[in-house]
Amino acid sequence: MVSRITYSPAYTLVPTYECFNHCSYCNFRVSPGQDSWLSLASAKAILDKVEAIEILILSGEVHPRSSRRSSWLERIEQLCVMALESGFLPHTNVGPLSLQEMQSLKLVNVSMGLMLEQLTPSLLKTVHRHAPSKLPAVRLQQLTWAGQLRIPFTTGLLLGIGETRADWDASLRAIATLHRRYGHIQEVILQPHQPGASQQLAGQPCDDAMLIAAVKCARALLPEDIAIQIPPNLVSSPDTILACIEAGVSDLGGIGPLDEVNPTYPHQRLGELSDLLLAHGYSLKPRLPIYPQYDHWLPLALQNKIQPWRARLDGKF
Ligand SMILES: O=c1nc2n(C[C@H](O)[C@H](O)[C@H](O)CO)c3cc(O)ccc3cc-2c(=O)[nH]1
Ligand SMILES: C[C@H]1O[C@@H](n2cnc3c(N)ncnc32)[C@H](O)[C@@H]1O
Ligand code: MET
Ligand code: SF4
């Protein structure tokens, strides 16, 4: 019996790289007002050429009290609608939202996400000193609202940013508790911090042993219906990918032409990953950005967008 490892054939659209936060590990952000937002015309030109199932909408953040916040949200909604109309399935992760903002994005996304990062407040004195969006209470509130709104949700931990292993425990237990209450966490990403070209934070990246230890911890603490995901492009050796799978990883996340968060780390070619896994008894299979057990949570209009893809993928298995 060959065990199945999944990934999401994805393409990332970035509404804007500007962000009012300044996480010291971030290589994605630019200062507010420094970039022109992605236009609908440019997005359409891109989508006409994209081969993917998922459109990941990943964004820097306009301050909630900024006069530009509503046009920022409107642009994100328009990009989701355009992705849907082009036959793709959007997954949005644009930082903390108000309940109303989350409700409106729920209508045009098959799933959404936000990294918990780490629950410990100690990071507010270091990597998150200039990142109000990373307040643990703000992040937990997002995961709670997503549960109340029944949004299939992706979250995760950023590893190797100065936290302790006890901090991992606390973060994972918080996610497990919210999942036991609402049942909405489809996957938890264990994201190893890797230094990029423009981040402020120097310091040690998350090494492979640390990542494997985190997978073991997550598998022990998370309910088994939550998939554990690692980003293969941020893992230095194939052996570590295999060790993480042995320890409980079942998903390799969104794989596409560019990792917008970490462009310094290109994805391995799918064929390479597939051959590596096959040589060790695993099959690498494409999935949708929403896990099947959540399809019935969606508004009917979105369920109708899912079905053709489900049929195509089921036909392949
Ligand atoms: O290419 C990436 N995709 C990232 N994704 C995409 C993610 O792998 C997929 O969108 C989900 O697995 C849904 O298919 C994220 C999605 C989230 O909801 C939260 C965080 C991330 C982080 C990354 C990332 O660093 N790089
Ligand atoms: C989109 C997600 O990417 C993660 N992220 C941000 N910067 C880095 C980095 N240098 N290395 C790895 N992951 C990072 C954060 O967890 C963010 O929430
Ligand atoms: C590019 S970071 C991903 C989205 C958001 N800015 C966050 O940090 O959660
Ligand atoms: S990680 Fe997200 S919130 Fe932090 S600076 Fe980068 S884009 Fe902004």
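Residues numbered from 1 in each chain as written. Chains lettered and ligands numbered in written order. Predicted model: local features only at pLDDT ≥ 70, side-chain atom pairs only at ≥ 80, totals over all residues.

What about the site of ligand 4?
What surrounds ligand 4 is the set Cys19, Asn21, His22, Cys23, Cys26, Phe28, Arg29, Gly60, Glu61, Gly95, Ala131 and Ser133. For the shell around ligand 4, the residue count by class is 5 nonpolar, 5 polar and 2 charged. (Near = placed C-beta within 6 Å. Nonpolar A, V, L, I, M, F, W, Y, C, P; charged D, E, K, R; others polar.)

Notes on the UniProt feature "domain: Radical SAM core" (unreviewed entry) in the protein chain
Following the UniProt record, one finds the feature "domain: Radical SAM core" (unreviewed entry) at residues 5–233. Annotated as residues 5–233, this span is 34% helix and 17% strand, and its ends, taken at the C-alpha atoms, are 16 Å apart. (UniProt positions renumbered as here; feature names shortened; annotations may be inferred. Helix = DSSP H or I, 4+ residues; strand = E, 2+ residues; numbered from the N terminus.)

Description of unusual backbone geometry
One non-glycine residue, glutamate 117, lies in positive phi territory at about 70°. Overall, the presence of 25 C-beta atoms within 10 Å leaves glutamate 117 in the buried class. (Buried ≥ 20, exposed ≤ 12 C-beta atoms within 10 Å, placed from the backbone.)

What to know about the packing of helix α5 (residues 165–182) against helix α6 (residues 208–221)
Interaxial distance between α5 and α6 falls to 10 Å at its minimum, and their mutual angle equals 35°. Two packed elements cross with a definite hand, and for α5 against α6 that hand is right-handed. Of α6, the residues touching α5 (which contributes Trp168, Asp169, Leu172, Arg173 and Ala176) are Ala214, Cys217, Ala218 and Leu221. Residue composition of the contact of α5 with α6, grouped by class: 7 nonpolar, no polar and 2 charged. (Axes fitted to C-alpha atoms, helices over the stretch in contact; angles between N-to-C directions. Left-handed = near helix turned anticlockwise from the far one by under 90°. Contact = placed C-beta atoms within 7 Å.)

Let's talk about helix α4 (residues 136–148)
One turn of the α-helix equals 3.6 residues, which is why residues spaced by three or four share an orientation. The end-to-end C-alpha distance of α4 is 18 Å, a good match for the 18 Å that 13 residues give at a rise of 1.5 Å each. Every buried residue of α4 is listed here: Arg139, Gln142, Leu143, Trp145 and Ala146. Across the axial projection of α4, the buried residues extend over an arc of 160°, all falling on one side. Exposed side chains of α4 directed beyond 90 degrees from the buried face belong to Ala137 and Gln148. (Expected span 1.5 Å × (residues − 1). Arc of directions from axis to C-beta.)

A short note on the packing of α4 against α5
Interhelical geometry of α4 versus α5 gives an angle of 20° and a closest axis separation of 9 Å. In terms of axis orientation, α4 runs roughly parallel to α5. The handedness of the crossing between α4 and α5 is right-handed. Packed against α4, whose contacting residues are Leu140, Leu143, Thr144, Gly147 and Gln148, the element α5 presents Ala174, Leu178, Arg181 and Tyr182 at the interface. Of the residues in the contact of α4 with α5, the class split is 5 nonpolar, 3 polar and 1 charged. (Parallel < 35°, antiparallel > 145°, perpendicular 65-115°, else oblique.)

A few points about the site of ligand 2
In the region of ligand 2, 14 residues are neighbours, and Tyr25, Met115, Leu158, His193 and Val261 sit closest. When the residues that make up the shell around ligand 2 are grouped by side-chain class, the tally is 6 nonpolar, 7 polar and 1 charged.

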